[in-house]
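Reading the structure
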Amino acid sequence: MTHLAATASTIHLPHVNYVSILPILIMMGGALLLLLLSSLLRRIISTGVCTAITVMTSAAAAVAAIVQWDQVLANGAQTTIAGAVAYDGFSVLIQLLVPLALGLTALVADGYLKREGVVGGEFQVLAMASASGAMVMGAANDLIVVFLGLEILSIALYVLAAFNHRRAESGEAALKYFVLGSVSSAIFLYGIALMYGATGSTNLAKMAEFLARRAVLSNGLLLAAMALLLVGFAFKVSAVPFHMWSPDVYQGSPSPVSGFMASVAKAGAFAALLRVFVSSLATQRLGWQPVIWVLAALSLLVGAIVALNQQDVKRMLAYSSINHAGFILLGVDAADARGISSALYYLVTYTIMVIGTFAVVTVIAGRQDRATGLLEFRGLARRQPVLALALAILLLGQAGAPFTTGFLAKFNVIEAVVLTHGYTLAVIAMVSAAVAAFFYLRVALTMFSPVGEFGDGPDDDVPLDPAALVGAATPGAASGVTTVPPRAWSAAMPGIDELADAPPSEVVEARGKVPVPPATWVVIGFCALFTVVFGIYPAPLVDFAQHATLLFI
Amino acid sequence: MTALATVLLWATATHPTLVDAGTFSVSAALVIAGAIGVIVARNPVHSALMLIMTLFGVAVLFLLLQDPFLAVVQVIVYAGAIVVMFLFVIMFLGVDREENLGAEKLRGQRPTSVILAAASLAGLLILGFVGHWTLGAPHVAGPDTGAPNVNLLGQSLFTTYLFPFEATAALLIIAVVGAVALARRPGGEQKVVDAAPGPLAPELDPASRFVVTPPAPGGNEDAEPSGPGNQNGGDGS
Amino acid sequence: MTVGADWYLGLAAVVFALGLLGVLVRRQTLVMIMCVELMLNAANLTFATFARSLTDIGGQVLVFFVLVVASAEAVVGLGIAITIFRHKADVNADSLDRMKG
């Protein structure tokens, strides 16, 4: 006993800067609190109360992140808790973005859960836990912390994907997500193991230090480790060719969860990817950059082209998110301060847009998430013009139309790549943006397409001229993309016109107005306004992303 | 028995290298045989037992690497808890039937998989181990001084790895919450399951459980109307 | 350690590849999860071997974390398998064809 006591006294606990992990602690604490409340007060606590607790927790975490921001601005970037946690601007940006996304998702989920009659607070508990995983990934300064954050994020998401007990697709989606997700985790872990052997540590700072000190250019172990880590990350951000899971999973999961996957899971994975590769493995750039190049090019092309054929909006959005992943990878490929800040800006704007889009999809899909076909959106502008307008804004934002945040996002990543002489990739990105604009417009035009309320065929009384819409939107793709070959999108034009004029191929069943819960209205309104306001006045957001990058370890 | 022990003791004393090599070969053979067994066994129960064999072999390798504590934990946690849970679920679901390994639904999937796995193995071996490889910096997280293994582990768990340690606590809680959320059967669901004839078929005809159900073509169209969506018309309004 | 580290690492690589092969080839969900466990074990063996070669305690600690992750994944994976089983009495990946793709 005395021996044990003597040994114990020699343990010097590392200094813990609690502010550096305050948002994570708040998020996790909120999850535990809600877990406790919802199990003790099962009969009393309602979905609304659970949502309120989640939103308040998110707000508290966001406030904590703002406090962090002040501290980081004053003290500069540092690491805490034995070097396992990075406390820098980059981390703070993720600590702010993820709670924001979670709060919005919780508001959307509120209406969804009430509609589906799901009781109990487990959904919100798991969502908060998942968000805390993404935040851990954003702050991680050790590969094993990245891995644990990834697992916290994913394990909660696997369950969330299965959350609709009444819908068999939900379980299937969860199983697919689980099997592929755990395989990718295992690959990632093996990569960590090899990296540990090659550098002697899993700590990102120590790895970087070792690699800077020693020229280990021909080390196969290091190359194998980087390859495996990249495969793991590519699975998580669903970059082609590791994207196979995402269309099925997005389609099968409950719509708010799909939005959460597309935003928070991607934000966490990209944060870790940027930190591990661009920051820690910067000296090994020649080894990993070509792989990122290929991943980016394939994601840009495959995502955009396959999305063209999708008849299901959720599947289309899945391919569109693959396409967006390609754009963010451009920032990774640029691998400099400009690349990081443009990738961060893209992440922030994309997160808001995709959550808003999935909020609209959640509402339209109706009970059981069934009505997600493209035809369900036909005539939406007639029935619910405000909803249609909001969705149009969000889709145009994703397409990169000017006066939306998406324009500058695409412009910045392409600029970052051009400045590092990645001309081929820039051209691929521009072509992809032009193709992508087409399928976003297809949804927008479907909403505004001339179908009467009762599905009785074409109706000439169109509320908005499709041609005007096309004219307003394509320059977005074109000017974001200053050197796009005109043929690329002029070839696409007849297609759009055809689609706008085409009579409905199927008789659409009559749909009345879909009910939109007030909380969902708040989300949709916020996302649409955010997209437009910061699209017109982008300076604060751009500054934030640049500052965050400057304060990067 | 005593004779064997004597021989082993003698061998350890005189030929340590030989004994190490022998132990390594035997346990490596166990590990690989077990891994192959997991893949080729038709019955999931056999797969689980083969998995135990692999895990046991890895535990012996941990001993050989002078990590006795890891070896013990490997046996207790992995073989003792995780695989038992697997077996429990296999029995619970009644899926301990033979899988028809001959059937291949996606044409060309097998060869592709084999090529993929072989390529990744070859890539790893060539890149990582056969060719030139250098080790990283030694004892970064703390030197393994040969003091009692457990003390060192504990120390580094609460110092260098404090944050990941706390994160694993969170991970375990989330896994438990997730499992509860998955296992929870909401009140309305029983009705839904009754409404759908598909899932209940095995209950009516126990024999059909033991048949690998061929995926019906056009299963989507068949499944949808009988599914839960029937109750609410699916118009979403 | 009288047997060279290469042998351990090579063995781990073989186990990893076998696990990957198993996930790709087998259609029985539970067996697929077992194959993931094989892959995690390969990583564990690699960690322990490098910990020995580097005389560093870190690798051994990492094995613990992997154990926790493996058990958490197994719990959730089996839970999902049970959920699916409620809908169809078959946890065969080939019969998961409700969504095209």
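Please refer to the structure higher up on the page.
Quick notes on the rules
- Residues numbered from 1 in each chain as written.
- Chains lettered and ligands numbered in written order.
- Predicted model: local features only at pLDDT ≥ 70, side-chain atom pairs only at ≥ 80, totals over all residues.
- Helix = DSSP H or I, 4+ residues; strand = E, 2+ residues; numbered from the N terminus.
- Buried ≥ 20, exposed ≤ 12 C-beta atoms within 10 Å, placed from the backbone.
- Contact = placed C-beta atoms within 7 Å.
- Core = buried A, V, L, I, M, F, W, Y, C linked by C-beta atoms within 7 Å.
- Domains from an automatic or database assignment.
- Expected span 1.5 Å × (residues − 1).

**Some words on the overall build of chain B**
From N to C terminus, chain B includes 10 helices and 0 strands. Taken from the N to the C terminus, the helices and strands of chain B come in the order α-α-α-α-α-α-α-α-α-α. Across the 237 residues that make up chain B, the buried fraction comes to 30%. The long-range share in chain B, meaning contacts at least 24 apart out of those at least 6 apart in sequence, stands at 51%.

**As for the nonpolar core**
One finds I152(A), Y158(A), A161(A), Y190(A), L330(A), L171(B) and M39(C) to be the most contacted residues of the largest nonpolar core, which totals 322 residues. When we break this core down by domain, the ones giving at least three residues each are domain 1 (7-98) and domain 2 (149-211) of chain B. In this structure M39(C) touches A186(A), Y190(A), F16(C), G19(C) and L20(C), once residues within four positions along its chain are discounted.

**Observations concerning helix 5 (residues 122-139) of chain A**
Along its 18 residues, helix 5 of chain A runs 26 Å from first to last C-alpha, staying within 8% of the 26 Å computed at 1.5 Å per residue. Counting buried positions over the 18 residues of helix 5 of chain A gives 18, a clear majority of the element.

**Here we look at the environment of I52(B)**
Residue and element names in this part refer to chain B. Residue position: I52 is located in helix 3 (residues 44-64). C-alpha of I52 to C-alpha of V83: the two residues are 31 residues apart in sequence and 7.0 Å apart in space. The residues contacting I52, other than those within four sequence positions of it, are A79 and V83.

**Quick word on the environment of L121(B)**
Tracing the backbone through its elements, the reader meets L121(B) in helix 5 (residues 109-130). Counting along the chain gives 39 residues from L121(B) to T160(B), while the straight-line C-alpha distance between them is 33 Å. Not counting the four nearest positions on each side in its chain, L121(B) is found in contact with A13(C), V14(C) and A17(C).

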